[in-house]
Structures are given as C-alpha cells and as structure tokens.
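# A structural walkthrough
Given next are the chains, with one letter for each unit.
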Amino acid sequence: MSVHLHWFLPTGGDGRTLVDRHAYGSNQAGSPVRGVRPPDIEYLAQIAKAAEQLGFEAVLTPTGTWCEDAWLTTVALAQHTRRLKFLVAFRPGLISPTLAAQMAATYQRVTRGRLLLNVVTGGDSVEQRRFGDRLDHDRRYARTDEFLSVVRGVWRGQPYDFEGEHYQVEGGLTALPPDPLPQIFFGGSSPAAGPVAARHSDVYLTWGEPPAQVKEKIDWIRSLAEREGRTVRFGVRLHTISRDSSAEAWATANRLLDDLDADTIAAAQTALGRSESVGQQRMLALHGGSRGELEIHPNLWAGVGLVRGGAGTALVGSHAEVADLIEEYHALGVEHFVLSGYPHLEEAYWFGEGVIPELSARGLLEATVVGGAAPLLVAGGR
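Description of the structure in this document. Every chain is numbered on its own, with residues counted from 1 as its sequence reads. With pLDDT at 70 or above as the cut-off, local features in this predicted model cover only qualifying residues; side-chain atom pairs require 80 or more to be listed or tallied, and sums for whole chains, interfaces and linings still use all residues. Hydrogens are left out, water is left out, and the side-chain values use all remaining heavy atoms of the structure.

Attention now goes to the nonpolar core. Buried Ala, Val, Leu, Ile, Met, Phe, Trp, Tyr and Cys residues that are joined via side-chain atoms within 4.5 Å together make up what is termed a nonpolar core. Note on classification: 1.4 Å probe, protein chains only; a residue is buried when its accessible area is under 20% of the maximum for its type, exposed when over 50%, partly exposed between these limits. Formed by 73 residues in total, the largest nonpolar core has its most connected members in L5, F337 and F351. A run of H or I in DSSP becomes a helix once it reaches four residues, and a run of E becomes a strand once it reaches two; helices and strands are each numbered from the N terminus. Broken down by element, this core gets its largest block of residues, 8 residues, from helix α2 (residues 41-54). We call two residues in contact when some of their heavy atoms are within 4.5 Å. In this structure, F337 is in contact with V3, H4, L5, H6, V236, L238, I326, Y329 and H330, ignoring residues within four places of it in sequence. Counting 23 residues, the second-largest nonpolar core is a separate cluster that includes W207, L260, L294 and A314.

And the structure:
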C-alpha cells in the first residue's frame, strides 16, 4: 500500500498568514489586507507547475462563496500542466446529477483523464442558502446518496431510470462515459454521512485528527462498508510546516500564531461554532478556541483551526518528523494525503524537497510518483 500525495490550490487567495482572505484580501472597509496574494491564473499556475514537478499526483480545489469557481479555474490550469490532476470541488443539489456526469466526462476527454471530482455535501446551511439550497444537514446527505447513484448509473453508457425523493430521472445517459471511470472519495463524520460513504466511496477522506481518532473513523467506515459487501480505502486532509530542523518548523508555526489577535480568534470561533458539520465540531474540540496545548499529538498542531474552517491541523516538524507522522497514519490504513501550507507555493517546495525524499527512502512512494494515476475525490469539506 503506497502513499499518494496531493496538494491544494488556494483559489480563495494565499499569503504568509492565517488571516481571512475572503474576497481575495479586502477587509470590511475594502482596503487590501497585507501580504495576501490574489488567486490569479498566473499565480495558481506557479503552484500547479510546482506540484507537478515535485511529484504530487493532484491538487484539490475548494468550493463556495469565497473562492473562484473550481471548474473554470482548473480547466484553464490544465493548459499549463501535463500530468497533474485536478480535484474539482462540487456540491450536489446545485446542478443535475446527469449534467454533472456529462460535464465530468467532457472534462476527462478535454484534459485526457485529469479530472478528480471532489463532491462536497455541505455542512453550513447559511452557505447552502446562498446558492438556493434549503435542505437541512441530514437531507443533504440523503440527496448526495441519490446524486451519486444517478451519476454512477448514467456513466454506464445506457439509458438509466431513477426514482427517488430528490431526483427523478428517465433515460438518463452519458453517451460517451469517462474512461476509465474515476474512483470516488467521500468525507463526513456524522451518522448521516457514514452509510453514504459505505455505499459509494472508494476512499473515505477525513480531516487530520490525532491518529487514535482517525483509527476510530476507519474502523467505523470499514464496518459499515462490510455490511454493504464493499471495501473502502482511506485518506486524510492536513496542512504541513516542514523544515530542515524541528526548531525552524515550530518557529514558523508560532509566527503564524503571533499574527492572530484574541478578537480575530474569538470571531472565527463564533462563526465556526455555528456550523452543522460534525467534522467541523470535532476540529474545534481539538483546541477549544485556546492558544494553549495546540500540539495535540507529537508533531500534529491544531493552530490552523483557530481561524480556518475545514481542515484545522498541520504536520509540524523536521522533514523526518513529518514523514514519521505520515508513516504513523499510513500504518492505520491511510493511503491518500491531501496537503496544503501557507503560502502554498513555498510550502509545496519545503514538503516536496524535504519530506518526499524521506518517504521515498522508506519505500512508501511508488517509484513513478510523478504522473501517477490519481482518483476522483468526494469529500465533506476542503
């Protein structure tokens, strides 16, 4: 079981701090926030090219109000890269599943098989209502269940009928299905999410909780999948701060923390605390909104989650220490690591030039990691 490495495209803006980059770095008064890099195509292309050169298989893109559209951005970036795949974030319910299946098939042909679809069910009703979606948390997962059933059905290349609560499809068809069919990843920590993951996912993707908690999730999803007669693999979404020495890495983490004042953290925690996402609540529980005791497991730091929604933990340490923690997760059954860092261009190089050789020397990476096949991802967040 090899390790598969993926990076992140900051289509909501990038920079050297953890501060809010909504609307690409303008604060409420409309003036630019210091050090924010807008996600123009030239900058994102730098990150994509670096990821490809360093040996990452794919790059994840987010979805939502505060980032560029993932489909349009990544199809443009596909023209700047040759092998890199794109994990395009996608929300069920905002488009027909038959049309989504057709879009995915077209994207695969245009990019010669480089689409990875990141289906995000959504854990924030306020955000969902911005897009006209008024379903509650559990019904969104029920809709995702039907959505993925339809997508799979119409990818067969023959007329497909489906009758459900959320979708009624007659003769649904993708005349030219994607070849090969992409694998499906899925994320979600709630009781409503688990059965959907068991029925549809090839790989279950979780945020970076301590290894013991990740093992609990693995055991949970594995048991549900067994009841469905299926086998599921596993992935984890994390940030990373890797340096030549542990002291340098922790100094960088502390600098990121020093940029955050108490009011900024309090405001972020209040906003994040309203989320319906069980995974988000688990991220918040790792630090409780406090700056103290943020190293929640050796070399696993929860500081990012003080102000950032979604993935809130980072691998922090020397290249060898970061590789050690990746190896610890891998021993539990985690194969896919979806990583990011601030800023994303520089951190891609720190990880790619420091940690990837460590992982390779330990026999955890395939010899042909660059350009290797990467799957379609279905995740519960970014």
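Whenever Lys or Arg places a side-chain nitrogen within 4 Å of a carboxyl oxygen from Asp or Glu, that contact is recorded as a salt bridge. Counted according to the given criterion, the structure contains 20 salt bridges. One salt bridge in this structure joins R37 and E346, with 2.9 Å as the shortest N-O distance. Of this pair, R37 sits in strand β3 (residues 36-37) while E346 sits in helix α13 (residues 344-361); the two residues are 309 residues apart in sequence, bridging distant segments of the chain. Of the residues examined, E346 reaches a relative accessible area of 24% and is grouped as partly exposed. Put simply, R282 and E209 hold a salt bridge, and the shortest N to O gap is 2.6 Å.

With that out of the way, let us pick up the environment of W66. For W66, the location among the structural elements is in the loop between β4 (58-60) and α3 (70-77). On the basis of relative accessibility, which here comes to 39%, the residue W66 falls in the partly exposed class. In this structure, the C-alpha to C-alpha distance between W66 and F56, residues 10 residues apart in sequence, is 25 Å.

With 5 of 5 residues buried, strand β14 (residues 314-318) lies mostly within the body of the structure. Note: two strands are recorded as paired if DSSP finds a minimum of 2 bridges between them. Direction of pairing for strand β11 (residues 233-243) relative to β14: parallel, over a ladder of 5 bridges. Bridge pairing links I241 to V316 in β14. Note: strand β13 (residues 300-301) against β14, 2 bridges, orientation antiparallel. Opposite W301, over in β14, you have A314 as the bridge partner.

Function cannot be read off these values alone, since they describe shape.
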